[in-house]
Amino acid sequence: CNHNYYLADVLHRASGKRPLLPHYQLVVIDESHKFLDAARQMYGVTLDEAELPRLAATIHSFTEGKSLSGVNIHRLAKKLEEQGKRLFGRLWNSLPSAEDDEAERLPANLDADATRHLKTIAGIATDIIAALADSLVHARHRDRKAQAVWELENLKNRAVALRKHSDLVCWLEQSEDGLTLASIPKNLDERLY
């Protein structure tokens, strides 16, 4: 199997889930120089600047406005987008001024303000999930709603994980789409061992 699938099996076993691979006693890792990159993908957590506005636009596209309980889903989606802008604005503004603008990786300063924004993002995602569960959508949008709920749950989990940044090595990556907050566990070597 490839590195990512093997690591997914390791993660499943570690969390008590059903293994993805048959039981084994010996593993030969071919192309081991690429193994660390796969481990960074599987154990790392990222949050993209562009994903929050895209997710908000998706929510706007299939919701009528308010859930049955009266919660304004559009307002919550707009708040989610605004918190993303605040978070990445804070991260960008906290960069040391001597940093090279052309660098691909930049230091991420997850201070109290950034951590508060991550907490708010997780809370808003939870609120939207609850409001979507209590909302009616046209039959043709049910799959989009289910996908949005899955993405919101994933976003919430990543925001919660990034808040625990004392156990992570965090950095910012620049691309044409904006910034990405990326992290890997400090104890990645121990986990791989």
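Up top you'll find the structure we're talking about.
1. Structural notes on the pairing of strand E4 (residues 178–185)
And then number 1: With respect to burial, E4 is a largely interior element, eight of its eight residues being buried.
And then number 2: Relative to E4, strand E1 (residues 45–48) is paired through four bridges, and the arrangement is antiparallel. Bridge assignment links Leu47 to a residue of E4, and that residue is Leu181.
And then number 3: Between strand E3 (residues 168–175) and the antiparallel strand that follows it, E4, lie two residues.

2. Points about the side chain of Gln83
And then number 1: Structurally, Gln83 can be placed in helix H4 (residues 73–93).
And then number 2: In this structure the side chain of Gln83 is engaged in a polar contact, spanning 2.9 Å, whose partner is the side chain of His117.
And then number 3: Every residue in contact with Gln83, bar those within four places of it in the chain, is listed here: His117, Thr120, Ile121 and Ile124.

3. Structural notes on helix H5 (residues 112–133)
And then number 1: In this model, H5 (22 residues) spans 32 Å end to end at C-alpha, consistent with the 32 Å of a helix rising 1.5 Å per residue.
And then number 2: The N-cap residue of H5 is Asp111: its side-chain oxygen and the backbone nitrogen of Asp113 are 3.3 Å apart.

4. Notes on the sheet that holds E1
And then number 1: Taken in spatial order, the four strands line up as E1-E4-E3-E2 in an open sheet, and their pairing is antiparallel. In the strand order of this sheet, the two ends are held by E1 and strand E2 (105–107), each with one partner. For this sheet, the mean angle separating the axes of adjacent strands, direction not counted, is 30 degrees.
And then number 2: On the sheet, helix H6 (residues 142–163) packs against E1, E3 and E4 and is oriented at approximately 115 degrees with respect to E1.

Conventions adopted
- Residues numbered from 1 in each chain as written.
- Predicted model: local features only at pLDDT ≥ 70, side-chain atom pairs only at ≥ 80, totals over all residues.
- Heavy atoms only, no water.
- Buried < 20%, exposed > 50% of the residue type's maximum accessible area, 1.4 Å probe, protein only.
- Helix = DSSP H or I, 4+ residues; strand = E, 2+ residues; numbered from the N terminus.
- Pairing = 2+ DSSP bridges.
- Polar contact = N/O pair within 3.5 Å; in protein donor to acceptor, adjacent residues only side chain to side chain.
- Contact = heavy atoms within 4.5 Å.
- Expected span 1.5 Å × (residues − 1).
- Axes fitted to C-alpha atoms, helices over the stretch in contact; angles between N-to-C directions.

What is shown is where atoms sit, not what they do.
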